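Structure at a glance
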Amino acid sequence: SVALFGVVDAGVARYSQGGLGKTMLDTSGLGPSSLGFRGTEDLGGGLSAHFWLEAALLNDVGAGSSSGNGNPSTNGGLAFGRRGTVSIAGRFGEVRLGRDTPPSWWNHVVFDPFFTAGPGSGANITSGGGANGFAGANPLSFSRISNTIQYQWGFAPNAQSAIGRGVYVQLMHAFAENAGGAPARGQYSGGRIGYAGGPLNVALSYARSKGPAYAADAARGYSTFESFNLGGSYDIGAARLMAHVGANDSSAPGTRHDHWGLAATINAGPGYIPLAYNAVRQNNATRDGASQIAAGYVYNLSRRTALYASASYIRNRNNGTYTFLGGNGGGQPGLQTAFGAGTPFGSGTGYGMGIRTSF
Amino acid sequence: SVALFGVVDAGVARYSQGGLGKTMLDTSGLGPSSLGFRGTEDLGGGLSAHFWLEAALLNDVGAGSSSGNGNPSTNGGLAFGRRGTVSIAGRFGEVRLGRDTPPSWWNHVVFDPFFTAGPGSGANITSGGGANGFAGANPLSFSRISNTIQYQWGFAPNAQSAIGRGVYVQLMHAFAENAGGAPARGQYSGGRIGYAGGPLNVALSYARSKGPAYAADAARGYSTFESFNLGGSYDIGAARLMAHVGANDSSAPGTRHDHWGLAATINAGPGYIPLAYNAVRQNNATRDGASQIAAGYVYNLSRRTALYASASYIRNRNNGTYTFLGGNGGGQPGLQTAFGAGTPFGSGTGYGMGIRTSF
Amino acid sequence: SVALFGVVDAGVARYSQGGLGKTMLDTSGLGPSSLGFRGTEDLGGGLSAHFWLEAALLNDVGAGSSSGNGNPSTNGGLAFGRRGTVSIAGRFGEVRLGRDTPPSWWNHVVFDPFFTAGPGSGANITSGGGANGFAGANPLSFSRISNTIQYQWGFAPNAQSAIGRGVYVQLMHAFAENAGGAPARGQYSGGRIGYAGGPLNVALSYARSKGPAYAADAARGYSTFESFNLGGSYDIGAARLMAHVGANDSSAPGTRHDHWGLAATINAGPGYIPLAYNAVRQNNATRDGASQIAAGYVYNLSRRTALYASASYIRNRNNGTYTFLGGNGGGQPGLQTAFGAGTPFGSGTGYGMGIRTSF
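Presented here is a report on the structure given in the accompanying data block. On a predicted model such as this, the values are computed, not experimentally measured, just so you know. (Residues numbered from 1 in each chain as written. Chains lettered and ligands numbered in written order. Predicted model: local features only at pLDDT ≥ 70, side-chain atom pairs only at ≥ 80, totals over all residues. Heavy atoms only, no water.)

Some points on the overall build of chain A
Along chain A, the regular secondary structure elements total 2 helices and 18 strands. The C-alpha radius of gyration computed for chain A amounts to 20 Å, which stays within 12% of the reference 21 Å derived for 359 residues, consistent with globular compactness. Structurally, chain A occupies a C-alpha span of about 60 × 60 × 40 Å along its principal axes. Taken across its 359 residues, chain A has 60% of its residues classed as buried. Sequence separation of at least 24 residues holds for 61% of the intrachain contacts in chain A that already meet a minimum separation of 6. Of the charged side chains in chain A, 24 are positive and 16 negative, and the gap between their average positions amounts to 3 Å. (Helix = DSSP H or I, 4+ residues; strand = E, 2+ residues; numbered from the N terminus. Rg over C-alpha atoms; globule rule 2.2 N^0.38 Å. Buried < 20%, exposed > 50% of the residue type's maximum accessible area, 1.4 Å probe, protein only. Contact = heavy atoms within 4.5 Å. Lys, Arg positive; Asp, Glu negative; His and termini not counted. Charge placed at Lys NZ, Arg CZ, Asp CG, Glu CD.)

Structure below.
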């Protein structure tokens, strides 16, 4: 069976920070706009074969785009940057090949009531920021990685792989794919182990990757990055409470970023209220950092369609340069490109409201 | 419900003008080749949610492409440049967000028996030409605009929005999306009001936009553009008669283009004969302009599939530089790039025949 | 009726040649990863209309890509580079317009038990190599050509056009689409005639094209290329035996490449063993050339899904620069870019194993 699926999400947003501001038609304020094709074949004997092709959309301008990490389409064409996998599943679990979300990213999504979308996305600050964040060719903090082989246990076959059942495990390795003798830049190895049962879900991830060389790494030709992330949620009926703590670090001095957060999803009428507080602190000389507080409301018109509104406030500390990143490889206000290099970004606010439909 | 839809149109065409000529495998000679995904969800209480993702195709070379206006994919990748919208509709009308055809473009399509496709497309000359036409970043004369919010009254929900029922209204605003303080280049506001009843359809559009600054506008950092278009059609049974009159103008002196046209679609056997005369005149010192006459035949093999042929003659007046533009972001002969800058283009002919199937 | 179809194929491969090596997540090791949309409409009276839009996939990185020949998307966006056609079929055969596989390429696929995919692809060496092969703008050796008009006899309507029934014929012409007076670079004319009946299938192709000018062709502005290919297969029940012989030549001296090969597909359990030997020899001063031997196993898990493994050995002769090309516009190890220009490539091995599912 083959299914066509996706999300189209658009709204109006207003971002302002450091004296700059932008009003825009935004996308992916509640969920990442996407278009995909997936299928499953029962092979008998408990075995099944699967594929999943999922493209990000920037529907405000009609473009396709990846998640911005090793973006497979650099000029706006549709590409399956969110996922491109083939897999085989059985009693042994699932073996999956291709481009997919790495184990080290899932906690950022699962324990964020905003699912890393819109002004309130926790990943605005917890993904690292600066040279240790989305910038550069460091696969560690990426939300999607190419050229991977993956093993999963405790998930439904071909699942979107966020929350498993009972004890669940994800292991991923990405090949550097450099010719013999070249530094293994781009290599990634990571894992995630969790438990989901009753009201509780908790998961721990650890990953290690090799990126472009910093000055101190020039001899060996690559830098190393590490991340860990421990997150959990507990459902008390009227609300789902969430917390996470983690760190990103690299082999360059002063590039460790510690982050933590508390959040909740509170049931309210035909929808819910997402609330989140996140903080990050770097171990550089000036101890740069940021905190973010965000709230919203999601009003479900149906199981597939919702209206939403959210507001978020980022406060940079010291020389922090954290700002609103947008999700889904686009939709961000791009204010950081208007700041001069090295300028502290100050404080900022983001507001958004829109409609999301899925199919 | 989700539907896959589209058009694949290809044929052989011959264009010649100003001593140059080209024979080519052409696309979109009758209708714009496209591939799309759209869906509708009934939310109850008269409300419904909708999405529409539509990509242009250059099937002669296997490429995707937008409509050439703020093209979302600059390197041939598939992108939803024709439309990328999510909307909610009810008794109040429809509110639609994303990339779509602006109100100021629809009259060019609806009152052209060639639907702006192939050698006979009236938009070859009526869209303005030169710096006031497709060229530059002037959103006014674009057939598609990004970052819009739109209101419609009198149309079916999620309609392709050409002809409404009774009194119909379209209002659109496009955000410039420049950071605070920057000139509002790219901003667009336009509307269209019409009436369709019995044999009559008539519609008036007006739009205003801000584009890149001409010399005279350097201080404020943007130019302004205005267009209006009045068109109508009347069905006499054996034929549908059409007429339109309009103008494009900008804040630069001598860039007003007045255009008008008369046309008909004459029923003939299992198909019809499209006939059109269009003219344009610029208010510059040399009073440049052009006229175009076009005729064709469309032979319907079924409701979805047709064979077609058409011929068109463009006569430039004075230093006019009007030529065959092709439709759908491609398929044009590109003769203008072979002329030297500033050379009057003389007269030219275009012939095409092909097959169009839709699904 | 409209159908969504495709292939997702991924595996792990190891290539090594001339002292370099690469381990990678590979795609299209057994069949070309692809995504397509096709449809058929019965027009009555024996007539039918058809379309076929097929995109290549690089699912290891989530990108779309063409077949590398006149690639319609140069930056990773999805494009219908494998095929973009509309056609009309009847008792007279089929007339097809758009981008498609040329007659001169089909024998490379049909009489290769690896179907030009993975390490064992015969086209690694038989497509020519060097300036007469994939390199340059020579449409002759391309596996896909744009701007074509095609006639087919003996094939099912809208067929993938590999093996016909009884006597079958394919004729194709591609327009150069250069403005009047410019050299006809890109023009292609080719044909293929074959017979398929009982256990026997045999086909002969010939094509002629015009490419970029070599030094000797500077005056007329284009070079000419010619190819012929005679291939056949015979089914003896337990196996299908195959052979082919052919040549690529151009108007530049010393660029004729003669190739031949013997191969078999041997039934084995729920699958088959592909075996192939291919050789090529150039008529230049140093008589460069190469031979390749390849073997594999394809284990069918179902009619749609298979596990596969293959191994291949290329031995360059004299200054030969043949290497593993990968299929489907990507997936190749790219070792040739790591060699210095003009360096003989020596001998090399390629291994791959993976999973392919189709839908």
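Looking at the relation of the copies chain C and chain B
Copy one and copy two of the chain differ by a rotation about an axis and a translation along that axis. Here chain C sits on chain B after a turn of 120 degrees about the axis and a move of 0.0 Å along it, with an RMSD of 0.1 Å. One copy is carried onto the other by what is essentially a three-fold rotation axis. Within chain C, Gly77 of chain C has its C-alpha nearest the rotation axis, a separation of 2.4 Å. Counting the interface residues of chain C, we find that no more than 12% of their copies in chain B are interface residues as well, pointing to two distinct contact surfaces. (Least-squares fit on C-alpha atoms with pLDDT ≥ 70 in both.)

Let's talk about the interface of chain C and chain B
Between chain C and chain B, the residue contacts involve 34 residues of the former and 32 residues of the latter. Both faces considered, chain C and chain B share a buried interface measuring about 2600 Å² in area, 71% of it formed by carbon and sulfur atoms. Across the contact surface, chain C and chain B share 0 salt bridges. Viewed at the interface, chain B and chain C are joined by 8 residue pairs in polar contact (both at pLDDT 80 or more). Mapped onto the side of chain C that touches chain B, the elements with two or more residues apiece are strand S3 (34–44), strand S4 (47–58), strand S6 (83–90), strand S7 (93–100) and strand S8 (145–153) of chain C. For the side of chain C that touches chain B, the element with the most residues is S6 of chain C, which contributes 5 residues. (Buried area = accessible area lost by both parts, 1.4 Å probe. Salt bridge = Lys/Arg side-chain N within 4 Å of Asp/Glu carboxyl O. Polar contact = N/O pair within 3.5 Å; in protein donor to acceptor, adjacent residues only side chain to side chain.)

Quick notes on the relation of the copies chain A and chain C
Mapping chain A onto chain C is achieved by rotating through 120 degrees and translating by 0.0 Å along the same axis, at an RMSD of 0.1 Å. The overlap is low: 12% of the interface residues of chain A also sit at the interface in chain C, so different surfaces are used on the two sides.

Notes on the environment of Phe155 of chain A
All names here are of chain A. Structurally, the position occupied by Phe155 is in the loop between strand S8 (145–153) and strand S9 (166–174). Between the C-alpha atom of Phe155 and that of Gln170, which follows or precedes it by 15 residues, the distance is 9.1 Å. When neighbours within four sequence positions are excluded, Phe155 is seen to be in contact with Ser161, Ala162, Ile163, Gly164, Arg165, Tyr168, Val169 and Gln170.

Re the environment of Gln170 of chain A
All names here are of chain A. Looking at the secondary structure, you find Gln170 in strand S9. Sequence-wise, Gln170 and Gly190 are 20 residues apart; in three dimensions their C-alpha atoms are separated by 8.2 Å. Discounting chain neighbours no more than four positions away, the residues touching Gln170 are Pro103, Trp106, Tyr151, Gln152, Phe155, Ser161, Gly190, Gly191 and Arg192.

Focus: unusual backbone geometry
Even without a glycine there, the phi angle at Phe115 of chain B is positive, about 55 degrees. Looking at where Phe115 of chain B falls in the secondary structure, it is placed in the loop between helix H1 (103–110) and helix H2 (123–126). Backbone geometry places Asn318 of chain C, a non-glycine residue, at a positive phi of 55 degrees. Here Asn318 of chain C shows up in the loop between strand S17 (305–317) and strand S18 (347–358).

Overview of the packing of aromatic side chains
If you walk through the whole model with that rule in mind, you get 22 aromatic pairs over all chains. Linked through ring pairs, Phe37 and Phe80 of chain A, Phe37 and Phe80 of chain B together with Phe37 and Phe80 of chain C together constitute an aromatic cluster. Geometry around Phe5 of chain A places Arg38 of chain A over its ring, the cationic atom sitting 4.0 Å from the centre. (Phe/Tyr/Trp six-rings, centres within 6.5 Å; stacked < 30°, edge-to-face > 60°. Lys NZ or Arg CZ within 6 Å of the ring centre and 35° of its normal.)

Topic: the pattern of salt bridges
The final tally for this structure, using the stated rule, is 21 salt bridges over all chains. Note that Glu94 of chain A and Arg96 of chain A form a salt bridge whose closest N and O atoms lie 3.1 Å from each other. Here Glu94 of chain A matches Arg96 of chain A in class, with each residue buried. The shortest N-O distance in the salt bridge between Glu54 of chain B and Arg82 of chain B comes to 2.6 Å. Note that Glu54 of chain B is positioned in strand S4 (residues 47–58) and Arg82 of chain B in the loop between strand S5 (63–65) and strand S6 (83–90), a separation of 28 residues in sequence. No difference in accessibility class separates Glu54 of chain B from Arg82 of chain B, as the two residues are buried.

Describing the interface of chain A and chain C
Listed per partner, the contact involves 34 residues of chain A and 32 residues of chain C. Between chain A and chain C the total buried area reaches about 2600 Å² when both faces are included, carbon and sulfur atoms providing 71% of it. At the surface where chain A touches chain C, the tally comes to 0 salt bridges. Of all the secondary-structure elements, those providing two or more residues to the side of chain A that touches chain C are strand S3 (34–44), strand S4 (47–58), strand S6 (83–90), strand S7 (93–100) and S8 of chain A.

Observations concerning the nonpolar core
In this structure, Phe80 of chain A, Phe80 of chain B together with Phe80 of chain C are the most contacted members of the largest nonpolar core, which totals 58 residues. Residues within four places of Phe80 of chain C in sequence aside, it is in contact with Leu35, Leu57, Gly62 and Leu78 of chain B together with Leu35, Phe37, Leu53, Glu54, Ala55 and Arg99 of chain C. (Core = buried A, V, L, I, M, F, W, Y, C linked by side-chain atoms within 4.5 Å.)

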